[in-house]
Amino acid sequence: MKRRIAVAGFIILSIFIICNLCFSADITRQSKDELYQNIELFSDAITLIQSDYVDEKAPKDLIYGALQGMLSSLDPHSQFLTPDEFKDLKIDTSGKFGGLGIELGIKDGLLTIITPLEDAPAWRAGVKAGDRIVKIDGQSTRQLTLDDAVKKLRGKPGTEVTITVLREKEDKFLDIKIVRDIIKIKDIKDAQILEDNIGYIRLIEFRENTARDLNSTLERLTKEGMNGLILDLRNNPGGLLDAAVDVTSEFIEPQRIIVTTKGRIERQNLELKSNFSNPYLSMPMVVLINQGSASGSEILAGCLQDYKRAIILGEQSFGKGSVQTVIPLPDGSALRLTTSKYFTPLGQTIHGKGITPDIIVESTEVVTEKEQENDIKEETFRKLDNKSSKEETLKPREYKSDFQIRQAIDLIKGIRIYKEQVK
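Residues numbered from 1 in each chain as written. Predicted model: local features only at pLDDT ≥ 70, side-chain atom pairs only at ≥ 80, totals over all residues. Heavy atoms only, no water.

Novice: What exactly am I supposed to notice about the overall build of the protein here?
Specialist: From N to C terminus, the protein includes twelve helices and 19 strands. A total of 423 residues make up the protein; the buried ones form 43% of that total. A separation of at least 24 residues holds for 68% of the contacts in the protein among residues at least 6 apart in sequence. A total accessible area of about 23,200 Å² is found for the protein, and carbon and sulfur atoms account for 51% of it. (Helix = DSSP H or I, 4+ residues; strand = E, 2+ residues; numbered from the N terminus. Buried < 20%, exposed > 50% of the residue type's maximum accessible area, 1.4 Å probe, protein only. Contact = heavy atoms within 4.5 Å. Areas by Shrake-Rupley, 256 points an atom, 1.4 Å probe, with all protein chains shown as cover.)

Novice: Mind showing me how you'd approach the nonpolar core here?
Specialist: Proteins that are soluble and globular tend to have nonpolar side chains buried together. If you look at the biggest cluster of nonpolar residues, it comprises 36 residues, and the most contacted ones within it are Leu 231, Phe 251 and Val 287. If you list the elements that add at least two residues to this core, you get strand 11 (198-203), helix 7 (210-223), strand 12 (228-232), helix 8 (241-249), strand 13 (257-263), strand 15 (285-289) and helix 9 (296-306). When residues in this core are grouped by element, the largest group, five residues, is from helix 9. Filtering out sequence-adjacent residues up to four positions away, Phe 251 remains in contact with Leu 214, Leu 218, Leu 229, Leu 231, Pro 279, Tyr 280, Leu 281, Met 285, Leu 304 and Arg 309. Counting 19 residues, the second-largest nonpolar core is a separate cluster that includes Ala 122, Ile 136, Ala 149 and Val 165. (Core = buried A, V, L, I, M, F, W, Y, C linked by side-chain atoms within 4.5 Å.)

Novice: Just to check I follow, could you spell out helix 7 for this structure?
Specialist: Turn by turn, an α-helix covers 3.6 residues, leaving residues three or four places apart pointing in a common direction. In this model helix 7 runs 20 Å from its N-terminal to its C-terminal C-alpha over 14 residues, within 8% of the 20 Å that 1.5 Å per residue would give. Of the positions making up helix 7, those classed as buried are Thr 210, Ala 211, Leu 214, Asn 215, Thr 217, Leu 218 and Leu 221. Looking straight down helix 7, one finds that the buried residues subtend no more than 165° of arc, so they occupy a single side. Facing away from the buried surface of helix 7 by more than 90 degrees, the exposed residues are Arg 212 and Lys 223. Next to the buried residues of helix 7 lie strand 10 (188-195), strand 11, strand 12 and helix 8. Immediately beyond the C-terminal end of helix 7, within one or two residues, lies Gly 225, with a positive phi of roughly 105°. (Expected span 1.5 Å × (residues − 1). Arc of directions from axis to C-beta.)

Novice: Whenever I open this one, unusual backbone geometry confuses me. Can you help?
Specialist: Backbone geometry follows two general trends: most residues other than glycine have a negative phi, and most peptide bonds adopt the trans configuration. Backbone geometry places Asp 171, a non-glycine residue, at a positive phi of 55°. Inspection of the secondary structure puts Asp 171 in the loop between strand 7 (160-167) and strand 8 (172-179). We classify Asp 171 as exposed; its relative accessible area is 66%. Positive phi is not limited to glycine here, since Ser 295 has a value of about 55°. The residue Ser 295 is located in the loop between strand 15 and helix 9 in this model.

Novice: Explain the sheet that holds strand 15 here, please?
Specialist: Sheet strands line up and pair through hydrogen bonds in the backbone, either parallel or antiparallel. A sheet is described by the order of its strands in space; here six strands give the open sequence 10-11-12-15-16-19, paired in mixed fashion. Two strands bound the open sheet, and with one partner strand each, they are strand 10 and strand 19 (359-360). Pairing of strand 11 with strand 12 involves five bridges; the strand directions are parallel. Directly across from Arg 202, in strand 12, lies its bridge partner Asp 232. Here helix 7 sits on the sheet in contact with strand 10, strand 11 and strand 12, set at roughly 20° to strand 10. (Pairing = 2+ DSSP bridges. Axes fitted to C-alpha atoms, helices over the stretch in contact; angles between N-to-C directions.)

Novice: Honestly, the packing of helix 8 against helix 9 in this entry has me stumped. Any pointers?
Specialist: Two packed helices can be described by the angle between their axes and the distance between those axes. In contact at an axis separation of 9 Å, helix 8 and helix 9 are set at 30° when each is read in the N-to-C sense. Classified by the interaxial angle, the pair formed by helix 8 and helix 9 is roughly parallel. Viewed along their axes, helix 8 and helix 9 form a crossing whose handedness is right-handed. Mapping the contact onto sequence places Leu 241, Ala 244, Val 247 and Thr 248 in helix 8 and Gly 296, Ile 299, Leu 300, Cys 303 and Leu 304 in helix 9. The class makeup of the residues in the contact of helix 8 with helix 9 is seven nonpolar, two polar and no charged. (Parallel < 35°, antiparallel > 145°, perpendicular 65-115°, else oblique. Left-handed = near helix turned anticlockwise from the far one by under 90°. Nonpolar A, V, L, I, M, F, W, Y, C, P; charged D, E, K, R; others polar.)

Here it is in structure tokens:
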């Protein structure tokens, strides 16, 4: 009996501490009373498990299990992190690990690839944005949390992992074998003048030095005669919020709202404003997005769309617009808790909806008759050599074969003609 009382006391004390960490002081008295009534129910359940379950379980294991279930019931991005998982999260930020080079999320309850990072192992193996991972090395992902999946996918460089994906657009399952590697990312993948002084910049992530690198790139292209810009955010999964704000600042007037965050308590409500003193405001601009564009990409696209600074072209973006805060707990564990959501300057929500382009253009390659003939020839010889064709078919073509880029170029040319006519 004493043991049961001690366990119950431990549980109540633990929950009390967690509650004080997770809930703000302005919770109503009625909500607190309801909470404490249910804590008693929780305590009774824990005590019964301790006394009657077939195997003896340590109180901490039961508490950790309860916290994992509680956080996972909130939303796909909230999570209880054990001390080891919290350490792993810190390692994530250093980038010193072998991986596949994919950004993952939970969408419609399924483990979903937001985007494969270009030139990373998954991209080379043929993984696409929107693929649903249903198995990892033959094991179902049905009950896996996001972090459990990341753990299974990560490993030593040079080792293999096989993922089974559902590609809904093609209505088929694919087994894809991927060799892990150290992921090295360049924020700016491509920057050049395409034609008629139209600049093109492909931005694949928002990191600490992205805004500085972008500014240098814009200065270089301007010296080369750029007077129109295509900013390609396709398959850009986001990154650092501050970096996304700094990049967006390059294209709108100073002290304009770029994004707001809204939560339940006052300190979570923020207005992030542009901070660049000499932005690029005059040249016509098109921003490309697709279903692999998420978070920071959606902040940038949504802001420029609201202020009518750029025309957004492509496909509906992913819809990742929530903010997670990591709250350490006394024993080395932590809560990763969704505390607020992003909104565009005009108050449009991003989370779960994404950004709808001004002009919807689906991704379609423009293939000439000669290119098609060469492709058939190459495919024939690949079959004869019994070699995989995945990597070769994923090599980027010259920009004229990218239908969305071609549409963006024509759009900028049309804007120029219109401006000349209304002078």
